[in-house]
Amino acid sequence: MNKTQDKLQTIMLFDIYGKLLTEKQANMLNLFYNYDNSLAELAEQYNISRQGAYDFVTTAEQQLLNYEHKLGLLEKYDLIKQTVTNIKDNLSGEEVYLQQQILQQLQILTNIVGGE
């Protein structure tokens with residue numbers, strides 16, 4: 001992944017798991033990613049060193065990745081999104097073929113949501 005993809009992934013993980021972080025972690029990540037504050041600005045606001053702000057942000061990012069590794073909600077979201085795209089793409093097919101494809105795609109969604 002490139003830096004932009006990493007940032008987007010972290011923002012998505014923060015949207016999903018942000019409530020599981022401490023209030024300070026959530027506030028710092030929110031300022032860093034959503035308000036584009038620099039590490040120096042975070043350090044000044046929280047009265048810590050720039051290195052301390054960096055450590056705090058990277059630890060919170062790692063926690064988000066750990067939550068995703070354990071729970072896989074972003075991965076499930078991506079699978080659902082891809083399945084919906086597949087259903088939309090199949091809407092131009094023949095009627096019988098279309099019905100079979102939609103049923104298969106809906107079964108995939110059911111398995112994802114049901115945790116199977």
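Each chain has its residues counted from 1, running along the sequence as written. Given that the model is predicted, a residue must reach a pLDDT of at least 70 before its local features are reported, and side-chain atom pairs must reach 80 or more before they are shown or counted; all residues, however, enter totals for whole chains, interfaces and linings. By convention in this description, side-chain values take in all heavy atoms of the structure and omit both hydrogens and water.

(A) Seen up close, the nonpolar core. In this text, buried Ala, Val, Leu, Ile, Met, Phe, Trp, Tyr and Cys residues form a nonpolar core when linked through side-chain atoms within 4.5 Å. Summary of the burial criterion: residues with accessible area below 20% of their type's maximum are buried, those above 50% are exposed, and those between are partly exposed, where the area comes from a 1.4 Å probe applied to protein chains only. Counting residues in each nonpolar core, the largest one holds 17 residues, and the members touching the most others are Phe14, Leu21, Leu29, Leu42, Ala53 and Leu64. For the purposes of this entry, the term helix denotes a DSSP run of H or I that reaches at least four residues, the term strand denotes a run of E that reaches at least two, and both are numbered from the N terminus. Put simply, the parts of the chain that give this core at least two residues each are helix H1 (3-17), helix H2 (23-34), helix H3 (39-46) and helix H4 (50-71). Top contributing element to this core by residue count: H2, with 5 residues. In contact with phenylalanine 14, other than residues within four places in its own chain, are Leu21, Ala26, Leu29, Asn30, Asn34 and Leu64. Note on contacts: a residue pair qualifies if any of its non-hydrogen atoms lie within 4.5 Å across the two residues.

(B) A look at the side chain of threonine 83. Here threonine 83 lies in helix H5 (residues 73-90). Overall, the relative accessible area of 5% leaves threonine 83 in the buried class. At a separation of 2.8 Å, a polar atom in the side chain of threonine 83 contacts the main-chain carbonyl oxygen of leucine 79. Definition of a polar contact: a pair of N or O atoms within 3.5 Å, with one able to donate and the other able to accept a hydrogen when the atoms are protein atoms, and with sequence-neighbouring residues admitted only if both atoms are side-chain atoms.

(C) Structural context of the pattern of salt bridges. The salt bridge definition used is simple: a Lys or Arg side-chain nitrogen within 4 Å of an Asp or Glu carboxyl oxygen. Following the criterion strictly, the structure yields 1 salt bridge and no others. The salt bridge partner of aspartate 36 is lysine 7, with a shortest N-O separation of 3.9 Å. Separated by 29 residues along the polypeptide, aspartate 36 in the loop between H2 and H3 and lysine 7 in helix H1 bring together distant segments of the chain. For lysine 7, a relative accessible area of 34% puts it in the partly exposed group.

(D) Highlighting the layout of surface pockets. Here the largest pocket defines a volume of roughly 260 Å³. If you trace the largest pocket, you find it lined by Lys3, Asp6, Lys7, Phe32, Tyr33, Asp36, Asn37, Leu39, Tyr54, Val57, Thr58 and Glu61. Counting only elements with at least two residues in the lining of the largest pocket, the list comes to H1, H2 and H4. Each residue gets one label: Ala, Val, Leu, Ile, Met, Phe, Trp, Tyr, Cys and Pro are nonpolar, Asp, Glu, Lys and Arg are charged, and the others, such as Gly, are polar. Its residues placed into classes, the lining of the largest pocket shows 5 nonpolar, 2 polar and 5 charged. Cavity means a closed set of points on a 1 Å grid over the protein atoms alone, one where a 1.4 Å probe fits but cannot get out, pocket means an open set with protein on both sides within 12 Å along at least 5 of 7 lines, and lining means a residue has an atom within 4 Å of a point. Grid points are joined across faces, edges and corners, and a volume is the space filled by probe spheres set on the points.

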